[in-house]
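Descriptive structure summary
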Amino acid sequence: MKYVFASILLIQLQAASCQVAADSIPVTTAGEYFKSYWTNGIRFVSQPARWKGKDWAIFGGSVAITAGLTRIDEDINKPFARWNAKGTGFGKAGDFIGSTPVALGSTLVTLGIASIVKNHRLQNFALDNLQAQVFTGAFTFAVKNLFGRARPSNGLGANYWDGPFKSNKFESFFSGHTSVAFSTATMIFLHSNKKPWVGLLSYGVATGIGISRMQYQMHWASDVLMGAVCGWAVSSFIYHQNEKNRMAPKARPVM
């Protein structure tokens, strides 16, 4: 039941960001949408080859700041560890709200509602958000297993990196809850035509989830930062790719 209530809250936020759509708003067919997983996947993997100066600056800056944070992660974590010792209510709430069942469940329910009420704008959002969540989750899983970083709760320190694809389940870097939360927040913001209040609310929730992961002693500050950057980057990429596809002559309403 708790998953239902959390999903309802997320659905309400998602729906609020999408205006009632007119029939003229283009929506790709099911076949074109599923094909986009392949085409967008190939383009996503090869995207660095097309990066320009600004893109490399964002990437380099993010890596540099994250690397710097890893040197002071243990100091940053101390107040969060004390907070956790006083009670884990906030951390448990973030663990739940940012979980995969809630994130994917709310998106699928939103898609179902959009199909029933024939709201093309909301359908576009749900399809984009689902794809962004899948891409973000897959990328996060790969990075987690590549680095094998110990969590704060493992008691091994912030600089214990066990290397790629080990069986110890050290998956601290980077935060999956945070990456998916920021992916969803970004998609909500972009589909709202960048309404300030929507951005403030959606990114506020995502930030709260990131902080909760630190309070719950599941992630270091650098894990949360890189998770936020990843979620934002993947969702922005998916949104702009799918918008271009929808605006192409072949795109057409399906409802």
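Residues numbered from 1 in each chain as written. Predicted model: local features only at pLDDT ≥ 70, side-chain atom pairs only at ≥ 80, totals over all residues. Heavy atoms only, no water.

Observations concerning the overall build of the protein
If you tally the helices and strands in the protein, you get nine helices and zero strands. In the protein, which comprises 255 residues, the proportion classed as buried is 48%. Considering only intrachain contacts with a sequence separation of at least 6, the fraction spanning at least 24 residues in the protein is 80%. (Helix = DSSP H or I, 4+ residues; strand = E, 2+ residues; numbered from the N terminus. Buried < 20%, exposed > 50% of the residue type's maximum accessible area, 1.4 Å probe, protein only. Contact = heavy atoms within 4.5 Å.)

Considerations on the packing of helix H6 (residues 120–147) against helix H9 (residues 221–247)
Remark: H6 packs on H9, axes separated minimally by 9 Å, with the N-to-C direction vectors making an angle of 140°. Taken as axis vectors, H6 and H9 run oblique relative to one another. For the crossing formed where H6 meets H9, the hand is right-handed. In contact with Asn124, Asp128, Gln131, Ala132, Phe135, Thr136, Phe139 and Thr140 of H6, H9 contributes Cys230, Gly231, Val234, Ser235, Ile238, Tyr239, Asn242 and Arg246. Of the residues contributing to the contact of H6 with H9, the split by class is seven nonpolar, seven polar and two charged. (Axes fitted to C-alpha atoms, helices over the stretch in contact; angles between N-to-C directions. Parallel < 35°, antiparallel > 145°, perpendicular 65-115°, else oblique. Left-handed = near helix turned anticlockwise from the far one by under 90°. Nonpolar A, V, L, I, M, F, W, Y, C, P; charged D, E, K, R; others polar.)

What about the nonpolar core?
Phe125, Phe173, Phe174, Met187, Val234 and Ile238 are the most contacted members of the largest nonpolar core, which totals 18 residues. Elements supplying a minimum of two residues to this core: H6, helix H7 (176–191) and H9. Of all hydrophobic cores here, the second largest spans six residues; its members include Ala181, Ala206, Ile209 and Ala228. (Core = buried A, V, L, I, M, F, W, Y, C linked by side-chain atoms within 4.5 Å.)

Concerning the layout of surface pockets
Where empty space is left in the structure can be found by rolling a water-sized probe over the atoms. A volume near 1100 Å³ is recorded for the largest pocket. Along its surface, the largest pocket is lined by 32 residues, and Phe44, Trp51, Phe59, Val229 and Ala233 are the ones closest to its centre. Taken together, the elements giving at least two residues each to the lining of the largest pocket come down to helix H2 (30–46), helix H3 (53–86), H6 and H9. For the lining of the largest pocket, the element with the most residues is H9, which contributes eleven residues. Its residues assigned to classes, the lining of the largest pocket comprises 21 nonpolar, seven polar and four charged. Taken as a whole, the second largest pocket holds about 320 Å³ of empty space. Contributing elements (two or more residues each) for the lining of the second largest pocket: helix H5 (100–117), H6 and H7. (1 Å grid on protein atoms, 1.4 Å probe; cavity = no way out; pocket = protein on both sides within 12 Å on 5 of 7 lines; lining within 4 Å. Points joined across faces, edges and corners; volume = space filled by probe spheres on them.)

Observations regarding a nonpolar patch on the surface
On the surface, Ile97, Trp197, Leu201 and Val205 cluster together into a nonpolar patch covering about 340 Å² of accessible area. If you tally residues by element for the nonpolar patch, the top one is helix H8 (residues 196–215), at three residues. For Leu201, the position within the fold is in helix H8. The exposure class assigned to Leu201 is partly exposed, which follows from its relative accessible area of 42%. (Patch = residues over 30% accessible without salt bridge, like charges linked within 9 Å, V, L, I, M, F, W, Y side chains within 5 Å. Areas by Shrake-Rupley, 256 points an atom, 1.4 Å probe, with all protein chains shown as cover. Salt bridge = Lys/Arg side-chain N within 4 Å of Asp/Glu carboxyl O.)

Overview of the packing of aromatic side chains
On inspection of all chains with the given rule, the structure shows 20 aromatic pairs. Taking 5.6 Å as the distance between ring centres and 65° as the angle between the ring planes, the aromatic pair formed by Trp161 and Phe173 counts as edge-to-face. Residue Trp161 is located in the loop between H6 and H7, and its partner Phe173 is located in the loop between H6 and H7; the two are separated by twelve residues in the primary sequence. For Trp161, a relative accessible area of 32% puts it in the partly exposed group. (Phe/Tyr/Trp six-rings, centres within 6.5 Å; stacked < 30°, edge-to-face > 60°.)

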